[in-house]
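The chain contents come next:
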Amino acid sequence: QPNGATYHDIGMIWGGRLLSPTGLFANENADVKGKPTSRHLIFLTDGVTSPYDYVYGTYGIDPLDKRRWDPVSPKGGLTLTEVVEKRFTVACNEVKNRNITVWLIAFGTTMNPVMAQCAGPGHYFEASNATELTSAFSKIAKQIGNLRVAQ
């Protein structure tokens, strides 16, 4: 049973790291024979941003470790959700700055405005069942065109 604790920022950060032509797998993501490689990140989520204060996450327990958020004196008066969404936006922009096209699919949930803005017009979809999810992936595949799958 889904119960929240959705952190979109870390997903976008790692998606970008894995696809970046200068990241962890740069050898696999390099341009081929001098031709630019088309890179696409399909970000699938089943929830809106909903971090929990006292859950151990990527950066520890946020209000105790205070690596990215301090409930006593939050920078800019932001909530933990707002901090995660701002980090997601920064990560998304960095991904796109590396010539990676971002696609977003909200499965079983509504599209968060922050996510829709990240993907941009025509690059985000909502799917409430398997048929709609298949349709979203089909639309993405048609727009991608010459897809090169490498092992």
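Description of the structure in this document. It should be emphasised that the depicted structure is a prediction, and the values quoted were computed from it without experimental measurement.

A look at the layout of surface pockets
1) Next: Taken as a whole, the second largest pocket encloses approximately 210 Å³ of empty space.
2) Next: In this structure, the second largest pocket is lined by Met-12, Ile-13, Gly-16, Arg-17, Ser-20, Gly-23, Arg-87, Ala-91, Glu-94, Val-95 and Arg-98.
3) Next: Broken down by secondary-structure element, the contributors of at least two residues to the lining of the second largest pocket are helix 1 (8-19) and helix 4 (80-97).
4) Next: Broken down by class, the residue content of the lining of the second largest pocket amounts to four nonpolar, three polar and four charged.

Notes on the environment of Glu-126
1) Next: Residue placement: Glu-126 occurs in strand 5 (residues 124-127).
2) Next: Spatially, the C-alpha atoms of Glu-126 and Gly-11 are 18 Å apart, while their sequence positions differ by 115 residues.
3) Next: In this structure, Glu-126 is in contact with Ala-106, Thr-109, Thr-110, Met-111 and Glu-132, ignoring residues within four places of it in sequence.
4) Next: Looking at Glu-126, its side chain comes within polar contact range of the main-chain nitrogen of Met-111, at 2.7 Å.

Concerning the side chain of Asp-62
1) Next: On the secondary structure map, Asp-62 appears in helix 3 (residues 62-65).
2) Next: One polar contact links Asp-62 to Arg-68, side chain to side chain, over a distance of 3.0 Å.
3) Next: Ignoring sequence-local partners within four residues, the contact set of Asp-62 consists of Tyr-7, Asp-53, Arg-68, Trp-69 and Leu-80.

A closer look at the packing of aromatic side chains
1) Next: Considering all chains together, one arrives at one aromatic pair under this definition.
2) Next: Here Phe-43 and Phe-88 contribute two aromatic rings whose centre-to-centre distance is 5.6 Å and whose plane-to-plane angle is 65 degrees, an arrangement assigned as edge-to-face. In this pair, Phe-43 is assigned in strand 1 (residues 39-45) and Phe-88 in helix 4, connecting sequence segments 45 residues apart. Considered together, Phe-43 and Phe-88 belong to a single accessibility category, that of buried residues.
3) Next: When the ring centre of Trp-14 is taken as origin, the NZ or CZ atom of Arg-17, which lies over that ring, is 4.7 Å away.

Rules used throughout
- Residues numbered from 1 in each chain as written.
- Predicted model: local features only at pLDDT ≥ 70, side-chain atom pairs only at ≥ 80, totals over all residues.
- Heavy atoms only, no water.
- 1 Å grid on protein atoms, 1.4 Å probe; cavity = no way out; pocket = protein on both sides within 12 Å on 5 of 7 lines; lining within 4 Å.
- Points joined across faces, edges and corners; volume = space filled by probe spheres on them.
- Helix = DSSP H or I, 4+ residues; strand = E, 2+ residues; numbered from the N terminus.
- Nonpolar A, V, L, I, M, F, W, Y, C, P; charged D, E, K, R; others polar.
- Contact = heavy atoms within 4.5 Å.
- Polar contact = N/O pair within 3.5 Å; in protein donor to acceptor, adjacent residues only side chain to side chain.
- Phe/Tyr/Trp six-rings, centres within 6.5 Å; stacked < 30°, edge-to-face > 60°.
- Buried < 20%, exposed > 50% of the residue type's maximum accessible area, 1.4 Å probe, protein only.
- Lys NZ or Arg CZ within 6 Å of the ring centre and 35° of its normal.

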